[in-house]
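Understanding the architecture of this molecule
The primary structure of each chain is shown beneath.
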Amino acid sequence: MKKIVTEAKLLLIGIPVAIWTLLPIYNLFIFSISTKNEAFSGKLWPDHPTLRNFEIVFREEHHFLGHFWRQLGNSLVIAIAVGLLTLLVATTAAFAISRLKVRGGRVVLNCALLTYFIPAAFLAVPMYKAMGTYGLLNNQWSLILAMVTIASPYAIWVLKQASDKLPFELDEAARIDGASPLQLFRLVYLPLMAPSLVAVGVYALLLAWNEYLYAFLLLSNERDLTLGVALGLFLSADDSPWELLMTTGLLYALPPAAIYYVFKRYMQSGLTAGAVKA
Amino acid sequence: MLPHIDAVHPAPRRRLSTWQAWGLVLLAPYVVVFAVFVVYPVGYGLWLARHPASYVALADDPVFAGSVVNTLLFLAVAINLKMIVALLLSGFFVNTRTWIKWLSVLFILPWAVPSIPTILSIRFMLNPEWGVINQLIFRLTAEDGPNWLNDRWLALSMAMLVHVWKSLPFWTMIMIAGRLAIPKELYEAAGVDGASRFQQFRFITWPSMQTLYLTSTILSMIWTLGDFNSVYLLTGGGPADLTHILATLGIRYLRLDQVDLAMATIVCAMPLVLPLVYFMMKRLSR
């Protein structure tokens, strides 16, 4: 009896949590398989589910969707570039600070932490002006570099924490064997850090793919936009094709969700470890 | 690291060892990124914000005063609500059941997917005529539901709920990790001594979690100050610019080509940001 009460209590929490979490996503999904009329009727399941919306999106048959494939490609290229560049910048910095104990490393780490604590929307304004000065506005590099700037502080911090846990005897042994710093980096450090590197790379990639504000400020040519910003453009019309907006939105939301689930194990240990330790 | 040793044996002027040289080389990429995309922009931004006239103009803009109030409300209500729910929900998710494991997998979705599709979906759900919420209200009560996004306080509350919806999974995950770090023996011993659930929470869970809870709250406050999406994508600052927060207001000025005002807005948020950042820096940089 006591057991049933416990289970009932758990369900009483679990069901509202599930509804709360899934309702907006379910709404998104329902729109994508409904005709416009059915989508607007507020039904919980359409009478005649259809894949027509996906067909329209894939064939770019609406003027809002003229560059769908190109914009999807932009999102992908930018996300991958940010992931790789962040890895490069953060891994080398964390190695120099944590293993080589470079002079000034502490200061650089604190600078990175300080950057991490600037609210993103506040940094966006001066970043936009600076990109203008550099002549990078409307160039995808501006978005890539801005996202690397935002992603790398946390990346460095997580990698430094993970790196500090590796035994220093490894470094000493490598030194005695006459290894150069680069050999230590390549042959000892990188393989041992692999799980954290995956976590950090995926973190930066998802951050860039999901970003709206910076992409919206820094890019304006329709052919250069990421899919997220293109979705925002739908709203400028009075009579927005909501069912197509939702379909595109669903397609845009699927890759990061899939990537997250594939790398979930790495992500959770890597990303929560830092926070709990704090 | 060891200054006292150097003092005893003043080392002969060391030339840069290979290892130190490589350290500097490997550190250089981030230092360049930091200088070019943080130091210069921030310095330039502060330079733009130097005119007292900007602050007079801000003080005269009723939207500014409104958004200060909105921002403070957002911090006080949305974050505390979110953190308390995250703390309690983490207690639910640490139960070992197969269905709870599956639920936790789904629960992470709002955080893992991009803001724009889901927030636009919520925006449509709140549409007074066609949104699913008002249609349900009409079916159940035969009365029209409220015009959710057309009233300042209602719209701001909805923006807060969007914020909670979006970031609750992340903080719950953090709280779950915190709970799992508490030794099981403590609960077993308390159970033997006949402690109630509440007493276990009060005397075991909370003392072990309070530092994490406080740090998370502060960190969430800093990030929430920069949460542009929850407000902008849901209400666009409307109705009549009444739901702006400082983050969206800064961007609004920027889009209106009033960069001085945008930077002044951000400078005005500094009394809020700096103490929080100081706290976090003290905590993390040891």
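Just so it is clear, the structure is predicted and the values come from calculations on it, not from any experiment.

1. A word on the overall build of chain A
What chain A contains, in helices and strands, is 13 helices and zero strands. The principal-axis extents of the C-alpha atoms in chain A amount to approximately 75 × 70 × 30 Å. The buried share of chain A, taken over its 278 residues, is 47%. Pairs at least 24 residues apart make up 79% of the contacts formed inside chain A by residues separated by at least 6 positions.

2. Notes on the interface of chain B and chain A
At the interface, 74 residues of chain B touch 72 residues of chain A. No other element matches helix 2 (residues 18-48) of chain B, which puts 20 residues into the side of chain B that touches chain A. Its residues assigned to classes, the side of chain B that touches chain A shows 57 nonpolar, 15 polar and two charged.

3. Comments concerning the packing of helix 6 (residues 120-133) of chain A against helix 2 of chain B
Helix-helix packing is characterised by the crossing angle of the two axes and by the distance between the axes. At a closest axis distance of 8 Å, the pairing of helix 6 of chain A and helix 2 of chain B adopts a crossing angle of 100°. It follows from the interaxial angle that helix 6 of chain A and helix 2 of chain B lie roughly perpendicular. The residues of helix 2 of chain B that touch helix 6 of chain A, namely those facing A:Val125, A:Pro126, A:Met127, A:Lys129 and A:Ala130, are B:Phe37, B:Tyr40, B:Pro41, B:Val42, B:Tyr44 and B:Gly45. Grouping the amino acids of the contact of helix 6 of chain A with helix 2 of chain B by side-chain chemistry returns nine nonpolar, one polar and one charged.

4. A look at unusual backbone geometry
Of note, A:Lys101 is a non-glycine position whose phi angle comes to about 50°, a positive value. As for its position among the elements, A:Lys101 is in the loop between helix 4 (68-98) and helix 5 (105-116). Phi at B:Asp241 is positive, roughly 60°, even though this residue is not glycine. Within the secondary structure layout, B:Asp241 lies in the loop between helix 12 (229-235) and helix 13 (246-255). Since 19 C-beta atoms lie within 10 Å of it, B:Asp241 is described here as partly exposed.

5. Quick look at the domain arrangement of chain A
The extent of an interface is frequently quoted as the accessible surface area lost upon association of the parts. All names here are of chain A. Here the domain parsing of chain A yields domain 1 (2-50) and domain 2 (67-277). Computed over C-alpha atoms only, the centres of domain 1 and domain 2 are separated by 33 Å. Taken residue by residue, the interface counts seven residues in domain 1 and six residues in domain 2. Going through the elements one at a time, helix 1 (2-32) and helix 2 (36-39) are the ones with two or more residues in the side of domain 1 that touches domain 2. Considering each element in turn, the side of domain 1 that touches domain 2 owes the most residues, four residues, to helix 1. Class assignment for the residues of the side of domain 1 that touches domain 2 results in four nonpolar, two polar and one charged.

6. Some words on the nonpolar core
Judged by nonpolar contacts, the single largest core of 168 residues is most densely connected at A:Val82, A:Ala124 and A:Met147. Formed jointly, this core draws a minimum of three residues from each of two domains, domain 1 (2-50) and domain 2 (67-277) of chain A.

7. Looking at the packing of helix 4 (residues 62-93) of chain B against helix 9 (residues 152-180) of chain B
All names here are of chain B. Where helix 4 contacts helix 9, the axes come no closer than 7 Å and their chain directions differ by 40°. On the basis of the axis angle, helix 4 is oblique to helix 9. Judged by the twist between their axes, the crossing of helix 4 over helix 9 is right-handed. Along the lines of polarity and charge, the residues of the contact of helix 4 with helix 9 split into 18 nonpolar, six polar and two charged.

8. Some thoughts on the environment of B:Ser167
Residues and elements named next belong to chain B. Structurally, Ser-167 can be placed in helix 9. When the C-alpha positions of Ser-167 and Thr-224 are compared, they lie 9.6 Å apart, and in sequence the two are 57 residues distant. Filtering out sequence-adjacent residues up to four positions away, Ser-167 remains in contact with Lys-82 and Trp-111.

What counts, and where the lines are drawn
Residues numbered from 1 in each chain as written. Chains lettered and ligands numbered in written order. Predicted model: local features only at pLDDT ≥ 70, side-chain atom pairs only at ≥ 80, totals over all residues. Helix = DSSP H or I, 4+ residues; strand = E, 2+ residues; numbered from the N terminus. Buried ≥ 20, exposed ≤ 12 C-beta atoms within 10 Å, placed from the backbone. Contact = placed C-beta atoms within 7 Å. Nonpolar A, V, L, I, M, F, W, Y, C, P; charged D, E, K, R; others polar. Axes fitted to C-alpha atoms, helices over the stretch in contact; angles between N-to-C directions. Parallel < 35°, antiparallel > 145°, perpendicular 65-115°, else oblique. Domains from an automatic or database assignment. Core = buried A, V, L, I, M, F, W, Y, C linked by C-beta atoms within 7 Å. Left-handed = near helix turned anticlockwise from the far one by under 90°.

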